[in-house]
Amino acid sequence: MEGESKQPAGVLLVDDHPAVREGLALLLAQDGIAVLAEAGGRSELEAALARGSPRIALLDLSLGAESGMDLIDVLVDRGIPVLIYSMHEDGAIIRRTLAAGARGYVTKRELHRVLIEAIREVDAGREYLGPRAAHALAAHLRGIGDGDDAGERSRLRDLSSRERQVYRMLGEGATTSEIAAAMQVSTRTVESYCARLMEKLGLNGMRRLRRDAIHSGHGDG
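Residues numbered from 1 in each chain as written. Predicted model: local features only at pLDDT ≥ 70, side-chain atom pairs only at ≥ 80, totals over all residues. Heavy atoms only, no water.

### Here we look at the nonpolar core
In terms of nonpolar packing, the biggest core is built from 26 residues, with Leu-12, Val-14, Leu-45, Leu-59, Leu-75 and Ile-84 touching the most fellow members. Sequence-distant contacts of Val-14, defined by excluding residues within four places in its chain, comprise Ala-39, Leu-45, Leu-58, Leu-59, Asp-60, Leu-63 and Leu-71. Counting 19 residues, the second-largest nonpolar core is a separate cluster that includes Ala-174, Tyr-193, Met-198 and Leu-203. (Core = buried A, V, L, I, M, F, W, Y, C linked by side-chain atoms within 4.5 Å. Buried < 20%, exposed > 50% of the residue type's maximum accessible area, 1.4 Å probe, protein only. Contact = heavy atoms within 4.5 Å.)

As structure tokens, then:
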């Protein structure tokens, strides 16, 4: 359609390798996709966002000592759609990025045309998984369905029964006050359970904890 965006402007590249960013910018330019800014980590990202809001962020997950996973919230809170472009092809990782708010995922082993298609789809307000990412995610979800996802089961096995209850209720959409009422404890006690859940599950913030609980099929496991 003529009114649909086919040449998104203002892409933000987040990758810790300057040469990779330079190469990507040249490739995207060949398809009429302009790069507004580049960043190698959180500090550069914050500076780039202070200068203007891109229409879409192309985010790597491996940023040296930092993790791109921790930057998804920063971008989503600014209303910027996030497309992950990463070497990781682990279905559990892909699932976590989508739960954190990413709109798409393309692995770096895909053909260039897949990345271009993904950028256009996410820029148009749709979600997109590259073929390799879709395959990895499907295999991961089948494993969960069959009860074979040892990593997922292991990380939840360390939770106490009360922590599991809080985790399950968060996944059902309950607020902390509703959880407190159901468990007959104070809101502060529930907040303490949430803090321990975040520490045990390696999650940063209540939003990420709630998303993780929603997308997990093992709240009772």
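Picking up where we left off.
### Things to note about the sheet that holds strand β8 (residues 128–129)
Overall, parallel pairing links the 6 strands, which are arranged β2-β1-β3-β6-β7-β8 in an open sheet. Pairing within the sheet leaves two strands with one partner each, and these edge strands are β2 (35–39) and β8. Bridging between strand β6 (residues 82–86) and strand β7 (residues 104–107) involves 4 bridges; their strand directions are parallel. From the neighbouring strand, Ser-86 faces β7, where its bridge partner is Thr-107. (Pairing = 2+ DSSP bridges. Helix = DSSP H or I, 4+ residues; strand = E, 2+ residues; numbered from the N terminus.)

### Focus on the packing of helix α10 (residues 187–201) against helix α11 (residues 206–215)
Their axes nearest at 10 Å, the elements α10 and α11 cross at an angle of 75°. As far as their axial angle goes, α11 and α10 are roughly perpendicular. Here Cys-194, Leu-197, Met-198 and Leu-201 of α10 lie close against α11, whose contacting residues are Met-206, Leu-209 and Asp-212. Considered class by class, the residues forming the contact of α10 with α11 number 6 nonpolar, no polar and 1 charged. (Axes fitted to C-alpha atoms, helices over the stretch in contact; angles between N-to-C directions. Parallel < 35°, antiparallel > 145°, perpendicular 65-115°, else oblique. Nonpolar A, V, L, I, M, F, W, Y, C, P; charged D, E, K, R; others polar.)

### Thoughts on empty space enclosed by the protein
Vacant regions in the atomic arrangement are exposed by a probe of water-molecule size rolled over the atoms. In total, this model carries 1 cavity of 30 Å³ or more according to the counting rule given. Of the voids in this model, the largest cavity is the one considered here, and its volume is about 60 Å³. Lining the largest cavity we find Leu-13, Val-14, Asp-15, Arg-21, Leu-24, Leu-58, Leu-59, Asp-60, Tyr-85 and Lys-108. When contributions to the lining of the largest cavity are tallied by element, the ones reaching two or more residues are β1 (11–14), α1 (18–30) and β3 (56–59). In terms of residue class, the lining of the largest cavity is built from 6 nonpolar, no polar and 4 charged. (1 Å grid on protein atoms, 1.4 Å probe; cavity = no way out; pocket = protein on both sides within 12 Å on 5 of 7 lines; lining within 4 Å. Points joined across faces, edges and corners; volume = space filled by probe spheres on them.)

### Comments concerning the side chain of Glu-163
With respect to the helices and strands, Glu-163 occurs in helix α8 (residues 161–171). Of note is the side chain of Glu-163, whose polar atom sits 2.9 Å from the backbone nitrogen of Ser-160. (Polar contact = N/O pair within 3.5 Å; in protein donor to acceptor, adjacent residues only side chain to side chain.)

### Description of the environment of Gly-130
Structurally, Gly-130 is set in the loop between β8 and α6 (131–145). Classification of Gly-130 as buried rests on a relative accessible area of 0%. Between the C-alpha atom of Gly-130 and that of Val-106, which follows or precedes it by 24 residues, the distance is 4.8 Å.

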